[in-house]
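Here's the letter readout for the chains.
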Amino acid sequence: METFVANLDTTTVIFLIVSGFIASFIDSTVGGGGLISTPALLSLGLPVPYALGTNKLAASIGCFTSVLSFWRAGKIKKAAFTLLPLSFIGSALGAYVVYLLPEQLMKNIIVVLLVAVAVYTYRRKDWGDAGTVEKLGMQALIGAIVMAFAMGFYDGFFGPGTGSFLIFGFLYLGYDFVTAAGNAKALNFASGVGALVSFAVSGTIIWSYGLIMAAAMIAGAVVGTRLAIKKGASYVRPLYLLVTTLLIGKQVYEILLKQPEVRPFASVIWL
């Protein structure tokens, strides 16, 4: 495997801090921070495995900060915490059977699903402004269990759009946008832990870069979640639609123009 020697000059440190903060600011609420942080690390010359492993370290720490912020504000329900093991197990299983379906087929399916999610959310103008459920009934709980396992599996198997799909799922269950974002973040964190452990074991993490970016991501996560909690759906909804649209654009770009990525690492870019 290609090795990389970290260069911690002033410009690199500033670049890691700025890109990490911006990525985490967005990711803390609606996901998709990998759209910024992963290309940023690649632009520093990191080989793909090291860029993904380093990003996973920083993003996991930032994600944990977001989860804490949402939890302290009461925006993560108890049901979400009970679903964490299912998300983790699903992710591990998804990573295990990563070659089950052709990557090109998955990309085509995900574009269609992301478009459907964006259109449905855009058409329902007041969706998520206020929650309609405090405690999940049996049918909704079963749906949440299936969602947690399925999306954990998808995150480990392929990944792009996991945060968008989780938020959509919690909205569908009746939560408001901010609570849906908090619950989604908790499950997304659980499904990403396995990938972080895998990268650490394989030695594909540049710890100096990752920890510097992580410090910036903690700040970005705190600012992002506080703004989301303060502003509510009026802030989260348009950001959610924007990130979902960017995800659609990225997937279309990869389908039409970009050469296929190395499959074992493509599944863990998105936290």
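Values in this document were obtained by computation on a predicted structure and should not be read as measured data.

What counts as what
- For every chain, the first residue of the written sequence is number 1, and numbering continues from 1 along that sequence.
- With the structure being a predicted model, the display of local features is reserved for residues of pLDDT at least 70 and the display and counting of side-chain atom pairs for 80 or more, all residues being used for whole-chain, interface and lining totals.
- Side-chain calculation: all heavy atoms of the structure are included, whereas hydrogens and water are not.
- We define the nonpolar core as a collection of buried residues of types Ala, Val, Leu, Ile, Met, Phe, Trp, Tyr and Cys that are connected through side-chain atoms lying within 4.5 Å of one another.
- Three labels apply to residues, based on accessible area from a 1.4 Å probe with only protein chains included: buried if under 20% of the type maximum, exposed if over 50%, partly exposed otherwise in between.
- Secondary structure elements follow DSSP: runs of H or I no shorter than four residues count as helices, runs of E no shorter than two count as strands, and numbering proceeds from the N terminus.
- A pairing counts as a salt bridge when a side-chain nitrogen of Lys or Arg comes within 4 Å of a carboxyl oxygen of Asp or Glu.
- Aromatic pairs are defined between Phe, Tyr and Trp rings, using the six-membered ring for Trp, whenever the two ring centres lie within 6.5 Å; interplanar angles under 30 degrees are classed as stacked, those over 60 as edge-to-face, and all others as tilted.

**Some points on the nonpolar core**
Consideration 1: In terms of nonpolar packing, the biggest core is built from 43 residues, with Val30, Ile167, Phe170 and Tyr240 touching the most fellow members.
Consideration 2: For this core, the secondary-structure elements that each account for two or more residues are helix H1 (10-30), helix H3 (48-72), helix H4 (78-96), helix H5 (103-123), helix H6 (138-157), helix H7 (162-172), helix H8 (177-202) and helix H10 (233-256).
Consideration 3: Sorting elements by how many residues they give to this core places H10 first, with nine residues.
Consideration 4: Ala51, Met213, Ala214 and Met217 belong to the second-largest nonpolar core, a separate cluster that totals 13 residues.

**Some details on the pattern of salt bridges**
Opposite charge on two side chains permits pairing when their charged atoms draw close.
Consideration 1: Inspection of every chain in the model, using the stated rule, returns one salt bridge.
Consideration 2: Between Asp27 and Lys185 there is a salt bridge, with the nearest N and O atoms lying 2.7 Å from each other. One end of the pair, Asp27, is in helix H1; the other, Lys185, is in helix H8, with 158 residues separating them in the sequence.
Consideration 3: The exposure class of Asp27 is buried, given its relative accessible area of 8%.

**Brief notes about the packing of aromatic side chains**
Consideration 1: Inspection of every chain in the model, using the stated rule, returns five aromatic pairs.
Consideration 2: Measuring from ring centre to ring centre gives 6.5 Å for Phe168 and Tyr172, while their planes differ by 25°; the resulting arrangement is stacked. Here Phe168 and its partner Tyr172 are both found in helix H7, four residues apart, which amounts to about one turn of the helix.
Consideration 3: Under the relative-accessibility criterion, Phe168 is labelled buried at 18%.
Consideration 4: Judged by relative accessible area, Tyr172 falls into the exposed class, the value being 59%.

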